[in-house]
Amino acid sequence: MTPALLAEVMEATWPPLRRWQVGPFTLRDGAGGGKRVSAASCDGTFTEAELSAAEAAMAEPLMLVRAEDSALDACLEARGWRVVDPVVAYAAPVADLKAELPPLAAFPHWPPLEIARSIWAEGGIGPARIAVMERVTGAKAALLARNGDRPAGVAFVACHGAEAMLHALEVRPGQRRRGVGATLLYAAANWAAEQGATRLSLVVTRQNTTARALYARLGMGVVGQYHYRMK
């Protein structure tokens, strides 16, 4: 997965409300949906003047910086923008993640059931992020996992061509370390296979070592890294 493809899949499966250009910079309005849909990004070479123009056009200056954006990173550092939330992207073939699950262990549906919305809300994923999901135009599904006959976790998955991406995975605190996260990953892969997708990816903050250990254990590999800079 190239950095360009990763960015394309992220944008399609977790879209901002709107996006526009200021020189070589793409600016985004996430409508309160979080950094991923609100951060600007650079699409090539730039000048200091163009960076200043982009900065002036942002209500809250926030930039997504990829590994190949070393010049941008250095300029933002010199301007006093601090690094926040380094992110790691993981991916694996859908065929390697598919699994037979017990009936109702996790099931796809859309629109999200009220219990799915409640679990997301418990984890800080409120209406603005639900609105991001609603903006996705391709195939998409909410996944509700159950454990011990109780709702245990939820996630969102969407397709962009042969690529599927998982977002907003949330497991209830009392249900953690019981395999619920893995169940949601398997269910996402099963759903993605039904849509004809061949790869499943996701992004996670570098500091979330528990989730990263799960993804590595399931055979997912690192396919990209980026961080944000905030003024």
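Residues numbered from 1 in each chain as written. Predicted model: local features only at pLDDT ≥ 70, side-chain atom pairs only at ≥ 80, totals over all residues. Heavy atoms only, no water.

**So, the overall build of the chain**
Okay, step 1: Of regular secondary structure, the chain possesses nine helices and 11 strands.
Okay, step 2: Over its C-alpha atoms the chain spans a radius of gyration of 18 Å, differing by no more than 12% from the 17 Å that the globule rule assigns to 231 residues.
Okay, step 3: By its C-alpha atoms, the chain is 60 × 30 × 30 Å across when sized along the principal axes.
Okay, step 4: Looking at the chain residue by residue over its 231 residues, the buried ones come to 48%.
Okay, step 5: Relative to all contacts within the chain whose residues are 6 or more apart in sequence, the contacts with residues 24 or more apart total 67%.
Okay, step 6: In the structure as shown, the chain presents an accessible area of about 10,700 Å², 52% of it carried by carbon and sulfur atoms.
Okay, step 7: Taking the average location of the 25 positive side-chain charges in the chain and that of its 22 negative ones, the two points are 6 Å from each other. (Helix = DSSP H or I, 4+ residues; strand = E, 2+ residues; numbered from the N terminus. Rg over C-alpha atoms; globule rule 2.2 N^0.38 Å. Buried < 20%, exposed > 50% of the residue type's maximum accessible area, 1.4 Å probe, protein only. Contact = heavy atoms within 4.5 Å. Areas by Shrake-Rupley, 256 points an atom, 1.4 Å probe, with all protein chains shown as cover. Lys, Arg positive; Asp, Glu negative; His and termini not counted. Charge placed at Lys NZ, Arg CZ, Asp CG, Glu CD.)

**Concerning the pattern of salt bridges**
Okay, step 1: Overall, the coordinates contain 14 salt bridges when judged by the stated rule.
Okay, step 2: With a shortest N-O distance of 3.3 Å, Arg-176 and Glu-170 are connected by a salt bridge.
Okay, step 3: What makes Arg-176 partly exposed here is its relative accessible area of 43%.
Okay, step 4: For Glu-170, a relative accessible area of 13% translates into the label buried. (Salt bridge = Lys/Arg side-chain N within 4 Å of Asp/Glu carboxyl O.)

**Thoughts on helix 3 (residues 48-57)**
Owing to its 3.6 residues per turn, the α-helix aligns residues three or four sequence positions apart on the same side.
Okay, step 1: Leu-51, Ala-54 and Glu-55 are the residues of helix 3 that are buried. Angularly, the buried residues of helix 3 cover 100 degrees about the axis, an arc narrow enough to put them on a single face. Along helix 3, the residues that are exposed and aim more than 90 degrees away from the buried face are Ala-49 and Ala-56. (Arc of directions from axis to C-beta.)

**Focus: the nonpolar core**
Okay, step 1: One finds Val-157, Leu-166, Leu-185, Leu-200, Tyr-215 and Met-220 to be the most contacted residues of the largest nonpolar core, which totals 34 residues.
Okay, step 2: The leading source of residues in this core is helix 8 (residues 180-194), at nine residues.
Okay, step 3: Residues in contact with Leu-185, not counting those within four places in the same chain, are Leu-166, Leu-169, Leu-200, Leu-202, Tyr-215, Leu-218 and Met-220. (Core = buried A, V, L, I, M, F, W, Y, C linked by side-chain atoms within 4.5 Å.)

**A closer look at the side chain of Arg-229**
Okay, step 1: The topology assignment puts Arg-229 in strand 11 (residues 221-230).
Okay, step 2: For Arg-229, a relative accessible area of 5% corresponds to the buried category.
Okay, step 3: Of the polar contacts made by the side chain of Arg-229, one reaches the side chain of Glu-77; its length is 2.9 Å.
Okay, step 4: Those residues in contact with Arg-229 that lie beyond four places of it in its chain are Pro-61, Leu-62, Met-63, Val-65, Asp-73, Leu-76, Glu-77, Trp-81, Arg-82 and Val-83. (Polar contact = N/O pair within 3.5 Å; in protein donor to acceptor, adjacent residues only side chain to side chain.)

**Some details on the packing of aromatic side chains**
Okay, step 1: With the rule as written, the count across this model stands at five aromatic pairs.
Okay, step 2: Over the ring of Trp-20 we find Arg-18; its NZ or CZ atom is 4.0 Å from the centre of that ring. (Phe/Tyr/Trp six-rings, centres within 6.5 Å; stacked < 30°, edge-to-face > 60°. Lys NZ or Arg CZ within 6 Å of the ring centre and 35° of its normal.)

**Details of the sheet that holds strand 2 (residues 25-29)**
Okay, step 1: The three strands lie next to each other as 1-2-3, forming an open sheet whose pairing is antiparallel. Strands with a single pairing partner mark the edges of an open sheet, and in this sheet they are strand 1 (18-22) and strand 3 (41-42).
Okay, step 2: Strand direction decides the pairing type here: strand 2 and strand 3, joined by two bridges, are antiparallel. Bridge assignment links Phe-25 to a residue of strand 3, and that residue is Cys-42.
Okay, step 3: Packed onto the sheet, helix 3 meets strand 1 and strand 2 and runs at close to 5 degrees relative to strand 2. (Pairing = 2+ DSSP bridges. Axes fitted to C-alpha atoms, helices over the stretch in contact; angles between N-to-C directions.)

**Focus: the environment of Val-154**
Okay, step 1: For Val-154, the location among the structural elements is in strand 8 (residues 150-160).
Okay, step 2: C-alpha separation for the pair Val-154 and Pro-108, spaced 46 residues apart in sequence, amounts to 9.8 Å.
Okay, step 3: Aside from chain neighbours lying at most four places away, what touches Val-154 is Ala-116, Ile-119, Trp-120, Leu-143, Ala-168, Leu-169, Glu-170 and Leu-184.

**Let's talk about the environment of Arg-36**
Okay, step 1: Mapped onto the elements of the fold, Arg-36 is located in helix 2 (residues 35-38).
Okay, step 2: Judged by relative accessible area, Arg-36 falls into the partly exposed class, the value being 27%.
Okay, step 3: Beyond its immediate stretch of four places on either side in the chain, Arg-36 contacts Met-10, Trp-14, His-167, Val-203, Tyr-226 and Tyr-228.
Okay, step 4: Of note is the side chain of Arg-36, whose polar atom sits 2.7 Å from the side chain of His-167.

**Observations regarding the pairing of strand 5 (residues 82-93)**
Okay, step 1: Pairing between strand 5 and strand 11: eight bridges, direction antiparallel. Within strand 11, the residue paired with Ala-89 across the bridge is Gly-224.
Okay, step 2: As paired elements, strand 5 and strand 10 (residues 199-205) share seven bridges and run antiparallel to each other. Within strand 10, the position partnered with Ala-89 by the bridge is Val-203.

These figures capture arrangement, not role.
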